[in-house]
Amino acid sequence: MKLDLLKKLIKEAVSEAVREELGKILSEDAKPAAKPVQTVTKYAQHRPVVARPIPTGDPIADLMNETKYSMTQGEYQNLVSATSDMVSAPGLGIQSAMDQFRPGPEPGLDITKFDFMMRAGDVFKASQEKDKQRFGA
């Protein structure tokens, strides 16, 4: 019987210890941890950089630059209402991209093959000589 009493005492001691520890663990979870310190950096209010046109000395170019710098993007879009479909200027890469799809020679005449082009230098020199004779330069 002493053995049963010893087992019973050990069980009660262990269960009491477990209850105490569980109580501590559960109370720690229920209590919020110390709040982390949040640092707030205050910045000055953002002011956009205002670009100023550089005077060129040409009054028309200066006026165009002033207009360019004073308009917002929204004002420009309301005024122009242009799209990229309207652009077909050479030198923007559009024409050169289309050239790869054109087979064969370019349309038109190749005037370098005509015999009067072979004599163009001689004709130009003769005209200069006649001008010298007429005007004495």
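Residues numbered from 1 in each chain as written. Predicted model: local features only at pLDDT ≥ 70, side-chain atom pairs only at ≥ 80, totals over all residues. Heavy atoms only, no water.

Caption draft 1: Seen up close, the overall build of the chain. Assigned secondary structure in the chain consists of six helices and zero strands. Going residue by residue from the N terminus, the α and β elements of the chain occur as α-α-α-α-α-α. Accessible area for the chain stands at about 13900 Å²; split by element, carbon and sulfur atoms hold 61% of it. (Helix = DSSP H or I, 4+ residues; strand = E, 2+ residues; numbered from the N terminus. Areas by Shrake-Rupley, 256 points an atom, 1.4 Å probe, with all protein chains shown as cover.)

Caption draft 2: Summary view of the environment of Lys68. Mapping Lys68 onto the fold places it in helix α2 (residues 59-70). Sequence spacing of Lys68 and Pro53 is 15 residues, and the spatial spacing of their C-alpha atoms is 8.6 Å.

Caption draft 3: Structural context of helix α6 (residues 120-135). Here α6 is 16 residues long and its end C-alpha atoms lie 22 Å apart, about the 22 Å a rise of 1.5 Å per residue gives. α6 sits mainly on the outside: zero of its 16 residues count as buried. In the stretch just after α6, Gly136 is the one whose phi turns positive, near 65°. (Expected span 1.5 Å × (residues − 1). Buried < 20%, exposed > 50% of the residue type's maximum accessible area, 1.4 Å probe, protein only.)

Caption draft 4: Spotlight on the confidence of the model for the chain. With 71% of its residues at a pLDDT of 70 or more, the chain shows a mean pLDDT of 75. Ranking the elements of the chain by mean pLDDT puts helix α4 (residues 94-99) last, at 52, and α6 first, at 88. (pLDDT = per-residue confidence, 0-100.)

Caption draft 5: Spatial organisation of a nonpolar patch on the surface. A surface patch of nonpolar side chains, amounting to about 740 Å² of accessible area, comprises Leu3, Leu6, Ile10, Val14, Val18, Leu22, Ile25 and Leu26. Structurally, Leu22 can be placed in helix α1 (residues 2-30). Residue class for Leu22 comes out partly exposed when judged on its relative accessible area of 44%. (Patch = residues over 30% accessible without salt bridge, like charges linked within 9 Å, V, L, I, M, F, W, Y side chains within 5 Å. Salt bridge = Lys/Arg side-chain N within 4 Å of Asp/Glu carboxyl O.)

Caption draft 6: Spotlight on α2. In a regular helix each residue adds 1.5 Å, so twelve residues correspond to 16 Å; α2 covers 16 Å between its end C-alpha atoms and thus fits that length. The buried fraction of α2 is low, at one of twelve residues.

Caption draft 7: Local environment of the side chain of Asp62. Structurally, Asp62 is set in helix α2. The buried category is assigned to Asp62, whose relative accessible area is 18%. Those residues in contact with Asp62 that sit more than four places away from it in its chain are Ile54, Pro55, Thr56 and Gly57. (Contact = heavy atoms within 4.5 Å.)

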